[in-house]
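Examination of the molecular architecture
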Amino acid sequence: MIDRYDSLIVTFTTRLLVPFIQIFALYVIAHGHFSPGGGFQGGAILAASGLLVRISLGQPVVRWFTHSRMRWLGAAGLLIFAGTGIVPLFFGSAYLDYSGLPIPFLSGAALRATGILIVEIGIAMAVLGILLTIFDHLSGWDR
Amino acid sequence: MFDDFLARYAYWLTTVLMVIGLYGMLGKRNLMKKLIGMNIFQSAIILFFIAGSVKEGATVPIIQGGHHEAIDVAAYANPLPHVLMLTAIVVSVAITGVALAFLIAMYKRHGSLEEPTILGDMQ
Amino acid sequence: MRRLPVLLVLAAFAALLIYAEGDLPDRGDVQAPANQHVSAYYIQHAEEEVETPNIVSGVLADYRGYDTLGETVVIFAAGMASLLILTRGGHR
């Protein structure tokens, strides 16, 4: 069982760093088209920020990345991915063919880029949720 | 001779890592050490593929410049091994998580992670 | 002397790998077979077909979406497996 680590330096540094880590993770996800990055990397960085809060500040401080939410977040990410694949089937395209997504004012290559962005967000949610779920169960946090 | 070495040394180094990982999996009796050996083996395979994607004088596979310029294939590293290894890294993390869960369950049941102790306990 | 068979297996493994690596194309060879067919297509067409300068993202999510979907299913299954293994209660 990992509990909070009582040290002023660790507490202060964690509180200072975690917002920047999360903003950087969102940047990595959203900017994955143009620079190194994407759903896996951004989700892993988000999970790292969650782990930092867990092992340094302790359970009462974990606000949003709580244990019971993470498994649902993982499932939701997977559903976003699979659902983005299924939607084009109803509009006459193949499975996972993003150019068949029903998004107005977009077509062709731009539509496929948008589909990639949606899918990357789903991947990031799945990776974040599953990594934190695994950590919580390994460290005995769920009890 | 030296050119041969330069063309091959990355593969040889991944071979060294693979042998270290295989030794961890075969020669150690502690299940945690076996898991660490498996992780080293996976890292060796990932490094092998990444070393195979290198092109002489090429840069990262991110298109620079505008839309309508002709794209020189030799100017960008092979993106396919990068994609495959990106998924392989995440799968290795998932495998490690499941393996650690198994190890914790086994430790709770048998009180040890040493293979002879567990085998003796099971009989 | 339980280590002797292990060392023999390791030596055979290393010898096999080093022998096989002698036939690989040189590191950094632009003309290597792995750099020719589908990889060259991705580099030349990813920008115009999916408007994604990062070829890795384009191939990961669009061209090889099935691969990534299956892989996301794998990590989801891993999370559920660790949850089920370590959750107390249930049938014994």
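This text follows the structure it describes.
Residues numbered from 1 in each chain as written. Chains lettered and ligands numbered in written order. Predicted model: local features only at pLDDT ≥ 70, side-chain atom pairs only at ≥ 80, totals over all residues. Heavy atoms only, no water.

So, about the overall build of chain C. The helix and strand inventory of chain C stands at 4 helices and 0 strands. Secondary structure of chain C in N-to-C order comes out as α-α-α-α. A globule of 92 residues ought to have a C-alpha radius of gyration of about 12 Å, yet chain C, at 22 Å, is considerably larger. The principal-axis extents of the C-alpha atoms in chain C amount to approximately 55 × 45 × 15 Å. Here chain C holds 92 residues, and the buried ones make up 40% of them. In the form shown here, chain C has an accessible surface area of approximately 5100 Å², with 63% of it arising from carbon and sulfur atoms. (Helix = DSSP H or I, 4+ residues; strand = E, 2+ residues; numbered from the N terminus. Rg over C-alpha atoms; globule rule 2.2 N^0.38 Å. Buried < 20%, exposed > 50% of the residue type's maximum accessible area, 1.4 Å probe, protein only. Areas by Shrake-Rupley, 256 points an atom, 1.4 Å probe, with all protein chains shown as cover.)

Attention now moves to the interface of chain B and chain C. Contacts between the two partners involve 47 residues from chain B and, on the opposite side, 44 residues from chain C. When the two sides are added together, the surface that chain B and chain C hide from each other amounts to roughly 4400 Å², 70% of it contributed by carbon and sulfur. Applying the counting criterion to the chain B and chain C interface returns 1 salt bridge. Here Asp26 of chain C ties to Arg8 of chain B by a salt bridge, and the two come within 3.0 Å at their closest N and O atoms. Between the two partners, chain B and chain C, sit 11 residue pairs in polar contact (both at pLDDT 80 or more). Of all elements in the fold, only α1 (2–27), α2 (31–52) and α3 (79–110) of chain B reach the threshold of two or more residues within the side of chain B that touches chain C. Broken down by element, the side of chain B that touches chain C gets its largest block of residues, 16 residues, from α3 of chain B. Along the lines of polarity and charge, the residues of the side of chain B that touches chain C split into 35 nonpolar, 7 polar and 5 charged. (Contact = heavy atoms within 4.5 Å. Buried area = accessible area lost by both parts, 1.4 Å probe. Salt bridge = Lys/Arg side-chain N within 4 Å of Asp/Glu carboxyl O. Polar contact = N/O pair within 3.5 Å; in protein donor to acceptor, adjacent residues only side chain to side chain. Nonpolar A, V, L, I, M, F, W, Y, C, P; charged D, E, K, R; others polar.)

The next point concerns the packing of aromatic side chains. Taken as a whole, this structure holds 7 aromatic pairs over all chains when the rule is applied. Consider the rings of Phe48 of chain B and Phe49 of chain B, whose centres lie 6.0 Å apart with planes at 80°: the pair is edge-to-face. An aromatic cluster of at least three residues, connected via ring pairs, comprises Tyr11, Phe48 and Phe49 of chain B. When the ring centre of Tyr63 of chain C is taken as reference, the NZ or CZ atom of Arg112 of chain A above it lies at 5.7 Å. (Phe/Tyr/Trp six-rings, centres within 6.5 Å; stacked < 30°, edge-to-face > 60°. Lys NZ or Arg CZ within 6 Å of the ring centre and 35° of its normal.)

Counting residues in each nonpolar core, the largest one holds 34 residues, and the members touching the most others are Phe40, Phe81 and Tyr98 of chain A together with Ile55 of chain C. Of all the secondary structure elements, the ones that give two or more residues to this core are α3 (67–86) and α4 (108–139) of chain A, α3 of chain B together with α2 (37–50), α3 (55–63) and α4 (65–86) of chain C. Considering every element that reaches this core, the biggest residue donor is α3 of chain B, with 6 residues. Residues within four places of Tyr98 of chain A in sequence aside, it is in contact with Phe81, Thr84, Leu111, Arg112, Gly115, Ile116 and Val119 of chain A together with Ala61 and Asp62 of chain C. Membership of the second largest hydrophobic core comes to 14 residues, among which are Val18, Ile29, Met70 and Leu128 of chain A. (Core = buried A, V, L, I, M, F, W, Y, C linked by side-chain atoms within 4.5 Å.)

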